[in-house]
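Chain and residue survey
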Amino acid sequence: MMSPKKNTADVFDITFVGAGPTGLFGAFYAGLREMKVKIIDALPQPGGQLIALYPDKLIYDTPGFPSILSKELASCLTEQASQWKPFMALGERALELKRTPLPGGDDGQECWIIETDKDIHYSRTVVIAAGIGAFRPNKLKNESISLFEGKGVEYWVNDVDDYAGMRVLIIGGGDSAVDWSLALEPIAEHVTLIHRREGFRAHDTSVNALKDSSVDTRIFYELREFQGNESLERAVIFDNRTGDESTIEVDAGILALGFKADLGPIREWGLETIGRRYIKVNSKMETNLPGIYAAGDVALQEELDPLNLIVVGYGQVTVAVNYAYAAIKPGEKVFPGHSSERVAD
Ligand SMILES: Cc1cc2nc3c(=O)[nH]c(=O)nc-3n(C[C@H](O)[C@H](O)[C@H](O)COP(=O)(O)OP(=O)(O)OC[C@H]3O[C@@H](n4cnc5c(N)ncnc54)[C@H](O)[C@@H]3O)c2cc1C
């Protein structure tokens, strides 16, 4: 049952479910075609796998860049998409997709509703660019954590300035844990990083920078408990070799434990699929539902093998956007002309 949430019935021309490289490039392309664009992503930051799974790896097969750090590519794609000011609904997981009468439209006209865990969104067309599924943070089994979620405990650093002057505990041993420790070091009053075993799964340069930094790095340490009243005040941590506990004063705890992805509710949207992982598309990137397209890692044509690469997603989403454009603007061409004839205001 779709309950009205805070959004008004503002109908977009095209909505991308997924702000990975495919959704971001698609949003740019749709803006280029002067479509009214929205992007929805479960993560609080755009970039998909580039930022959630391998932010500090170099990518060598992106056209125009002999090599580029994954997080930098995500940032370039976001900047490119942002020039047309798409509506970004970040931190929202798309749960349901339904056909509905077009608000303010003539009799018989319809559009799509996407209901997320926070809002409802109206769109004439939808491109599902959901990759391997909505990313959700891995969590620790520890009751004290849930008591302070949103009251000092977070799974993602949106803006390092939010931590100015704070005492921060970061938990994790991957790229994000190390990168966020280094990013917060000059801003926070004090940063402690704990990791349950020896060796970080992070870029060598970052690990070396960590060694040279003032971050209080403790390996073989784990969280016993967060403590506080209205908000987080302390963390009890322990050495997992000896069981020795220490209590540290903290204002913020960041759990950087990686992400898991799950297509979840998208499987219930009435889309034809290939296996459990892929949405079936034709050569126009159309699914079996009218006005619903799919592109990138989530999409597959029956006669092809999967080619889950960033560049393939760019091509597929360009096809999807141009066909979606022609579908809602009868008489207009699928071919967009050349971008060199069009510049942002
Ligand atoms: C370690 C590693 C290294 C790689 N190296 C390369 C490389 O060198 N070159 C290359 O070309 N490719 C590489 N890839 C593959 C590449 O990252 C993917 O092909 C690419 O990210 C696919 O982009 P996408 O936008 O289709 O999907 P994704 O990047 O997976 O983005 C999908 C987005 O959709 C969101 N989403 C999904 N479902 C929902 C929902 N229901 N509601 C809201 N949001 C949702 C997710 O949160 C996610 O942000 C690598 C992959 C890995 C794991």
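Definitions and limits used
- Residues numbered from 1 in each chain as written.
- Predicted model: local features only at pLDDT ≥ 70, side-chain atom pairs only at ≥ 80, totals over all residues.
- Helix = DSSP H or I, 4+ residues; strand = E, 2+ residues; numbered from the N terminus.
- Pairing = 2+ DSSP bridges.
- Axes fitted to C-alpha atoms, helices over the stretch in contact; angles between N-to-C directions.
- Parallel < 35°, antiparallel > 145°, perpendicular 65-115°, else oblique.
- Left-handed = near helix turned anticlockwise from the far one by under 90°.
- Contact = placed C-beta atoms within 7 Å.
- Nonpolar A, V, L, I, M, F, W, Y, C, P; charged D, E, K, R; others polar.
- Buried ≥ 20, exposed ≤ 12 C-beta atoms within 10 Å, placed from the backbone.
- Core = buried A, V, L, I, M, F, W, Y, C linked by C-beta atoms within 7 Å.
- Near = placed C-beta within 6 Å.
- Domains from an automatic or database assignment.

**Some remarks on unusual backbone geometry**
Its identity is not glycine, yet E34 carries a phi of approximately 60°, on the positive side. Along the chain, E34 turns up in the loop between α1 (21-32) and β2 (37-41). If you check the backbone angles, M285 has positive phi at about 65° while not being a glycine. One can find M285 in the loop between β20 (278-281) and β21 (292-294).

**A word on the sheet that holds strand β22 (residues 299-301)**
Ordered by their spatial adjacency, three strands build an open sheet running β19-β20-β22, and the pairing between neighbours is mixed. Unpaired on one side and paired on the other, β19 (273-274) and β22 mark the two borders of the sheet. Looking at chain direction, β19 and β20 are connected through two bridges and run antiparallel. What sits directly across from T273, in β20, is I279.

**Notes on the packing of helix α5 (residues 175-184) against helix α6 (residues 204-211)**
Taken N-terminus to C-terminus, the directions of α5 and α6 make an angle of 45°; their axes are 10 Å apart at the nearest point. In terms of orientation, α5 lies oblique with respect to α6. Two packed elements cross with a definite hand, and for α5 against α6 that hand is left-handed. Within the contact between the two elements, α5 uses V178, D179, S181 and L182 and α6 uses S206, V207, A209 and L210. Taken together, the residues that form the contact of α5 with α6 break down as five nonpolar, two polar and one charged.

**What to know about the environment of K333**
As for its placement among the helices and strands, K333 is situated in the segment after α7 (310-328). On the basis of neighbour count, K333 is assigned to the exposed category, with 10 C-beta atoms found within 10 Å. Each C-alpha atom of the pair K333 and Y323 lies 8.8 Å from the other, and the pair is 10 residues apart in sequence.

**Looking at the nonpolar core**
Residues V127, I128 and A294 are the most contacted members of the largest nonpolar core, which totals 60 residues. Not counting the four nearest positions on each side in its chain, V127 is found in contact with I14, F16, G26, Y293, A294, A295, V317, A320, V321 and A324. Core analysis: the next-biggest nonpolar cluster, separate from the first, contains 30 residues, V153, Y163, A235 and A252 among them.

**Brief notes about the site of the ligand**
What surrounds the ligand is a group of 36 residues, the closest being G18, G20, G48, G131 and G296. Among the residues forming the shell around the ligand, the class breakdown is 20 nonpolar, 11 polar and five charged.

**What about the domain arrangement of the protein chain?**
Each domain of the protein chain was delimited in the assignment, giving domain 1 (11-135 + 260-341) and domain 2 (140-257). A C-alpha centroid distance of 34 Å is found between domain 1 and domain 2. Counting residues at the interface gives four residues for domain 1, matched by eight residues for domain 2. Residues that form the side of domain 1 that touches domain 2 fall into these classes: two nonpolar, one polar and one charged.

**So, the sheet that holds strand β16 (residues 245-249)**
Across the sheet, which stays open at both edges, the three strands sit in the order β14-β15-β16 with antiparallel pairing between neighbours. A strand with exactly one partner marks an edge of an open sheet, and here the two such strands are β14 (221-228) and β16. For this sheet the average axis-to-axis angle between neighbouring strands, irrespective of direction, equals 25°. The pairing of β14 with strand β15 (residues 232-239) spans seven bridges and is antiparallel. Among the inter-strand pairings, E225 is bridged to a residue of β15, identified as V236.

**Things to note about the packing of α1 against helix α3 (residues 70-82)**
In the contact formed by α1 and α3, the axes pass within 8 Å of each other and the chain directions differ by 25°. Regarding the angle of α1 to α3, the classification is roughly parallel. For the pair α1 and α3, the sense of crossing is left-handed. Residues P21, L24, F25, A27, F28 and G31 of α1 form the contact with α3, whose participating residues are L77, T78, Q80 and A81. Classifying every residue of the contact of α1 with α3 by side-chain character gives seven nonpolar, three polar and no charged.

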